[in-house]
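Descriptive analysis of the structure
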Amino acid sequence: MGREQLQSASKERIVSAFGVTEDDTGCPEVQVALLTRRIDELTEHLKLHKNDHDCRHGLLKLVGRRRRLLQYLAKNDIGRYRSLTHRLGLRDRAKGA
């Protein structure tokens, strides 16, 4: 099995676990879960390749996008936000939450 198939299978598992429906890729929970997986992969890569500054820049952009999605979720539905951060093992970062 190639790398693309592993990524595709991993993405399908995340979408089915966090989505409202089986193919729901647009809800914030799925987007945050996918970003978290990608952030974890890049973090592991940077542990081996400390001078990969392009990768570090991309990682920071992904972290910012995830942070904005989490802020949106915390502002609009605090219950879904708390459930998601608990399931993903993320710290509670939103103000007032």
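Small disclaimer: the values here were computed from a predicted structure and weren't measured. (Residues numbered from 1 in each chain as written. Predicted model: local features only at pLDDT ≥ 70, side-chain atom pairs only at ≥ 80, totals over all residues. Heavy atoms only, no water.)

Moving on, we come to the overall build of the protein chain. For the protein chain, the helix and strand inventory stands at 4 helices and 0 strands. Secondary structure elements of the protein chain, listed N to C terminal, follow the sequence α-α-α-α. When each of the 97 residues of the protein chain is scored for burial, the buried share is 33%. In the protein chain, the share of contacts with a sequence separation of at least 24, taken over all contacts with a separation of at least 6, comes to 39%. Surface summary for the protein chain: the accessible area is close to 6,900 Å², and the carbon and sulfur share equals 50%. (Helix = DSSP H or I, 4+ residues; strand = E, 2+ residues; numbered from the N terminus. Buried < 20%, exposed > 50% of the residue type's maximum accessible area, 1.4 Å probe, protein only. Contact = heavy atoms within 4.5 Å. Areas by Shrake-Rupley, 256 points an atom, 1.4 Å probe, with all protein chains shown as cover.)

Counting 22 residues, the largest nonpolar core has Phe18, Val30, Val32, Leu70 and Leu84 as the members making the most contacts within it. Contributions of two or more residues to this core are made by α1 (3-18), α2 (28-48), α3 (53-76) and α4 (78-88). Counting residues per element, this core draws most heavily on α2, which supplies 8 residues. Among residues more than four places away in sequence, those in contact with leucine 84 are Phe18, Glu29, Val32, Leu70 and Leu73. (Core = buried A, V, L, I, M, F, W, Y, C linked by side-chain atoms within 4.5 Å.)

It is at 9 Å that the axes of α2 and α3 come closest, and there the two elements cross at 155°. Between α2 and α3, the angle falls in the class roughly antiparallel. Both α2 and α3 take part in a crossing whose hand is left-handed. Residues Pro28, Glu29, Gln31, Val32, Leu35, Thr36, Arg38, Ile39, Leu42, Thr43, His45 and Leu46 of α2 lie in contact with α3, whose contacting residues are Cys55, Arg56, Leu59, Leu62, Val63, Arg65, Arg66, Leu69, Leu70, Tyr72 and Leu73. Its residues placed into classes, the contact of α2 with α3 shows 14 nonpolar, 4 polar and 5 charged. (Axes fitted to C-alpha atoms, helices over the stretch in contact; angles between N-to-C directions. Parallel < 35°, antiparallel > 145°, perpendicular 65-115°, else oblique. Left-handed = near helix turned anticlockwise from the far one by under 90°. Nonpolar A, V, L, I, M, F, W, Y, C, P; charged D, E, K, R; others polar.)

Here we take up the confidence of the model for the protein chain. Residues at a pLDDT of 70 or more form 88% of the protein chain, whose mean pLDDT is 88. Averaged pLDDT values for the elements of the protein chain fall to 82 in α1 and rise to 97 in α3. In the predicted structure, residues 93-97 sits below a pLDDT of 50 and forms 8 contacts with residues beyond four places in sequence or in another chain. (pLDDT = per-residue confidence, 0-100.)

To continue, consider α4. Residues spaced three or four apart along an α-helix point in a common direction, a consequence of the helix completing one turn every 3.6 residues. Buried within α4 are the following residues: Tyr81, Leu84 and Thr85. Angularly, the buried residues of α4 cover 95° about the axis, an arc narrow enough to put them on a single face. One or two residues past the end of α4 sits glycine 89, with phi positive at roughly 75°. (Arc of directions from axis to C-beta.)

Time to look at the packing of α3 against α4. Where α3 meets α4, the axes come as close as 5 Å, and the angle between the chain directions of the two elements is 135°. Relative to α4, the element α3 is oriented oblique. Contacts between α3 and α4 involve Leu70, Leu73, Ala74 and Asn76 from the first element and Ile78, Arg80, Tyr81, Leu84 and Thr85 from the second. Its residues assigned to classes, the contact of α3 with α4 shows 6 nonpolar, 2 polar and 1 charged.

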